[in-house]
Amino acid sequence: MSFKIDRITDPEYVSENRMAARSDHRWFRDAEEALTGDSGYEQCLNGLWKLHHAKNPSMTLPGFEQPGMNVDGWDDIPVPAHVQMHGYDRPQYANVQYPWDGLEDLEPGQTPQDWNPVASYVKEFTLERPLAAGERLSVRFHGAESGIAVWLNGAYVGWATDSFTPSEFDLTEHVVDGVNRLAAQVFKWTAASWLEDQDFYRFHGIFRDVVLHRRPAAHVEDVELSATVARDLAVGEIALTATLEGPGSVRATVVGVGPMAQEDGRLVVRLDSPRLWSAEDPYLYEVLIEVLDADGAVTEVIPQRMGLRRVDIEDAILKINGKRVVFHGTNRHEFGARGRAMTAQEIERDVQLMKRAGVDSVRTSHYPNSSVFYELCDRYGLYVIDEMNLETHAMWDKVVAGELTVEQALPGDRQEWKPALLDRANSMYRRDRNHPSIVMWSLGNESFGGSVLRDMTEWFHATDPTRPVHYEGVHWDPRYPDTTDVTSQMYTPAAEIEAHLKEHRDKPFVLCEYAHSMGNSFGAVDKYLDLADREPLFQGGFIWDFVDQTLPLVDRYGVGFKGYGGDSGETPHDAEFSANGIVFSDRTPTPAYQEVRYLYQPFRTAIGASEVRIENRRLFTDLGDVDVVVALGREGRTLREVMLEVDVPAGEARTYPLPFEVPSAPGEYTVDVSYRLKARTEWADAGYELGWEQAVVNVAVPADAPAPRRAPAPRVVESTHNVGVHGSHFSVTFSRLYGYLVSYRYGRTSDGGRELLRDVPYPSFWHAPTSNERGWGMPFRDGQWEVASQARRPRAGFEKPKVVRHEHTVEVQFGYELPTVPPSEVDVTYVVDGDGHVDVTTTLRPGEGLPDMPELAFTLTVDADLHRYRWYGDGPAECYVDRRGGSRLGVWDGDVREQLTPYMRPQESGSRTGVRWAEVLDDAGFGIRLDAADPVELSALPWTPFEIQNARHPNELPPIHRTILRPALKRRGVGGDNSWGAMTHPEHRVPTGELNFTFGFQGVLR
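Definitions and cut-offs
Residues numbered from 1 in each chain as written. Predicted model: local features only at pLDDT ≥ 70, side-chain atom pairs only at ≥ 80, totals over all residues. Heavy atoms only, no water. Helix = DSSP H or I, 4+ residues; strand = E, 2+ residues; numbered from the N terminus. Rg over C-alpha atoms; globule rule 2.2 N^0.38 Å. Buried < 20%, exposed > 50% of the residue type's maximum accessible area, 1.4 Å probe, protein only. Contact = heavy atoms within 4.5 Å. Areas by Shrake-Rupley, 256 points an atom, 1.4 Å probe, with all protein chains shown as cover. Lys, Arg positive; Asp, Glu negative; His and termini not counted. Charge placed at Lys NZ, Arg CZ, Asp CG, Glu CD. Phe/Tyr/Trp six-rings, centres within 6.5 Å; stacked < 30°, edge-to-face > 60°. UniProt positions renumbered as here; feature names shortened; annotations may be inferred. Salt bridge = Lys/Arg side-chain N within 4 Å of Asp/Glu carboxyl O.

## Considering the overall build of the chain
Within the chain, the secondary structure is distributed over 13 helices and 61 strands. For the chain, whose C-alpha radius of gyration is 33 Å, the value lies close to the compact-globule estimate of 30 Å for 1006 residues. Overall, the chain is about 105 × 65 × 55 Å in size when its C-alpha atoms are taken along their principal axes. Counting all 1006 residues of the chain, 60% fall into the buried class. For the chain, contacts bridging at least 24 residues in sequence account for 72% of all contacts bridging at least 6. On the chain, roughly 37500 Å² of surface is accessible, and the fraction owed to carbon and sulfur atoms is 49%. Charge separation in the chain, taken as the distance between the mean sites of 103 positive and 152 negative side-chain charges, equals 5 Å.

Take a look at the structure:
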């Protein structure tokens, strides 16, 4: 038999000589070896391989697989790895479009002829010991993208597709004592690539482990562990079906329970009052399986961990262990600095970050993840929707565009694609079925609908009746509604979900994708959590997505940056649409992570004047693992902190008296309730905060309190070109000639005082567009407000500023016309007192019919030396009006140079809400203090919005010369229902009509 390269374009050429899919269990020579985790039956082939990279199949080297072919001069490449990460081809990020779109005109199944790279690999190995009598040898490729042909010692072994499940081949007939040559050709694109149009980087090569497996004469090839739990949860059963090859027998023990007994061809053990597995309490029973040969000697020991739990849909509600579950989920691409070639340690870090964020569920978008991920989810406690390797989004687009009929969708009703999809379903199921963390199977993503997908659901139902099946595409092609057991949609606003469920109450409703976290996003997500509270059929959703898909690159000046679509010179591409994570690609949390932690916490806390109500949203566990700490604070200082003794069972709420009274002295106080881990866990240290809530209490100044001292009115000098306002420590200059405040000096010196301003202050209505705003066309819609922030002129009656003297202050007023159509007007009034404090009031009258503006703010430019940032307001992370639930009022410190969040494409970011006062100082203590009677939003950055929006990456921002302060009445919320048309919710936009905004500033010298 030989490999027929011309068949790679045949959709039905799924595999050849590939071994049957099996469970991902490991086997060891004895129990002692099993404890070490290093199996003598395994030989890892990871490491350096020889590589030849060809532009297309016609340019490969014939006979490379033969032992006599000298490959010493070939390049070396590590395995696992993508070839693109080692200088071959280039990474290509594409969202919806096929990577060859516009380059070659292809029909489904066909592959590009000119550019379809082939990676030819060679690895020589010597077995650690000769094969024993009856022993067999296989090689298992855990991931190769997208089709792989394999040879051993020149003999063709087999072929396989499906990039994301293992391909295993029997090598026994061809292995020799001594040196063996294992050769493989990995094709970038095959017919199967038409099924792999996921929103991800398009890579190529052997990107997961390669392992040799020995099979003794008596061997268990496949393990199926099933758990049954009675409806009343009182009795459980663990059953083992082991596929034994060769003469021998199998026995098994559940550690701590007892031996399993033979029953109808299975090994079974029953448990009274079993401890059930859940994301809250991921308890795993240890099953020790032993394989004995015909003489009764142990040849294999197979340790397995098993969780007992049940998944049901009752009365259209999805339940786990009898309780309605709400998924606090995220989607996860398996992605890191080396693309999808990730280590077990890196994957474990992802799981830990999820647990720390309160995430309890994951959808493996849109392919099966590495086996270690499921093991970690079992151990740490995460519910998993395990998704097949399927997406044909570009073909769906053709249906939407009318280029294809509904029946011509892919896979649609095309029977020639059914074998490939059933193979993918079977490979995923066989590998993953023993993991209790998997609570649903998913058919794939964004592939429309059709009878082929319906048939796959029927296969899953027949093969595994214990888990529901998920598929979102039914929403777009409702011909076969039974394709999915749950109603699944993407990015549907909460209000529309609620309206839908008033009429459709036949299935649970989940959002398999929501809260598109591209750039500065994740706004108004609280509406979904609130809906899950009041609508039992809405059972949560999965954030898009967990981690940014970006790659480490270096610019022409040697500066490193995180690259996205197009940065590797690829085409077609979809730019920064790859960056949607709640953590950056280096696993640094984004500001949205703070909000996720708050919204996904399992507690709801209501703080009253004298009591606190604690609701435990957990389904199965009480609050015994947390300390509840109540703290009283004032302007960043903790006045009291008390541990509250609580006992709140799962699903219940209880009320406790506050352990202190708020002082009667005037001021603003905070009462914080914090839930902290008592003991260290695998994913967080003791003291880690699992949840929190805060109440703000204002104690008013008595009406009869004496008025604060007022300094004498400042001295005013009205000259021809300037108006000067002077006090004992300051001087302010307003230009009659240019129409602005041009100087503010604070702190007398021999040369006239220390200047604070580095540019004229001006009202601002614009910020650098966010990814979401670009998605709905904000630069076009709101472009007039950008111009209005850069240009203005004195309007009639304000050719010169108006000066009004008051008893304690001096008022200077400017009036401008803005270049909008129709024209807008803005007044800026400065009120200066004798201490040098300046109140600034902006009054805006927008032109009739103009859209709401991105922000109403005021820009102050000071020296870059003023970088020490301290504010009393919401923090610690960046927050906006529709993403501030996770913030807390306090006094926070930062550095202006670090306030621009390093989103992959620079955009509006770094702002804070609820700011009462702020200081920006240099290292010597000189600077500026801002304040406001009503809390404002405040941005303190080293760049203007215009500089920020002109950079495509953070490394392209100009050198720092200034500090830009932008106090604001309001900034448009970040939005995030989606990033391709959904606007910020109306209540989170800047109001239209006449607006007034006041804040104050004063110099600081310490």
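Still more ground to cover, so stick around.
## Brief notes about the packing of aromatic side chains
Summed over the entire model, instances satisfying the criterion amount to 53 aromatic pairs. Where Tyr98 meets Trp100, the ring centres are 5.0 Å apart and the plane angle is 5°; that geometry is what we call stacked. The exposure classification of Tyr98 matches that of Trp100, with both residues buried. Ring geometry for Phe997 versus Phe999: centroids 5.7 Å apart, planes at 25°, classification stacked. What makes Phe997 buried here is its relative accessible area of 2%. You can call Phe999 buried: its relative accessible area is 2%.

## Observations regarding the side chain of Thr770
Mapping Thr770 onto the fold places it in the loop between strand S49 (762-764) and helix H10 (771-776). The residues contacting Thr770, other than those within four sequence positions of it, are Asn520, Gln907 and Glu908.

## A closer look at the UniProt feature "domain: Beta galactosidase small chain/" (unreviewed entry) in the chain
In the numbering used here, UniProt assigns the feature "domain: Beta galactosidase small chain/" (unreviewed entry) to residues 724-1002. Along residues 724-1002 the backbone is 8% helical and 44% strand, and the end-to-end C-alpha distance reaches 16 Å.

## Considerations on the pattern of salt bridges
If the charged atoms of two oppositely charged side chains come close together, the side chains can form a pair. Under the counting rule described, the total for this entry stands at 85 salt bridges. A salt bridge links Glu245 to Arg136, with the shortest nitrogen-to-oxygen separation between them at 2.5 Å. Taken together, the residues span a long stretch of sequence, with Glu245 in strand S17 (residues 235-245) and Arg136 in strand S7 (residues 136-141) at a distance of 109 residues. Here Arg136 falls in the partly exposed class, since its relative accessible area comes to 24%. Linking Glu652 and Arg654 is a salt bridge whose minimum nitrogen-to-oxygen distance equals 3.6 Å. Several salt bridges share partner residues, and in doing so they unite Arg22, Arg140, Glu168, Arg215 and Glu221 into one network.

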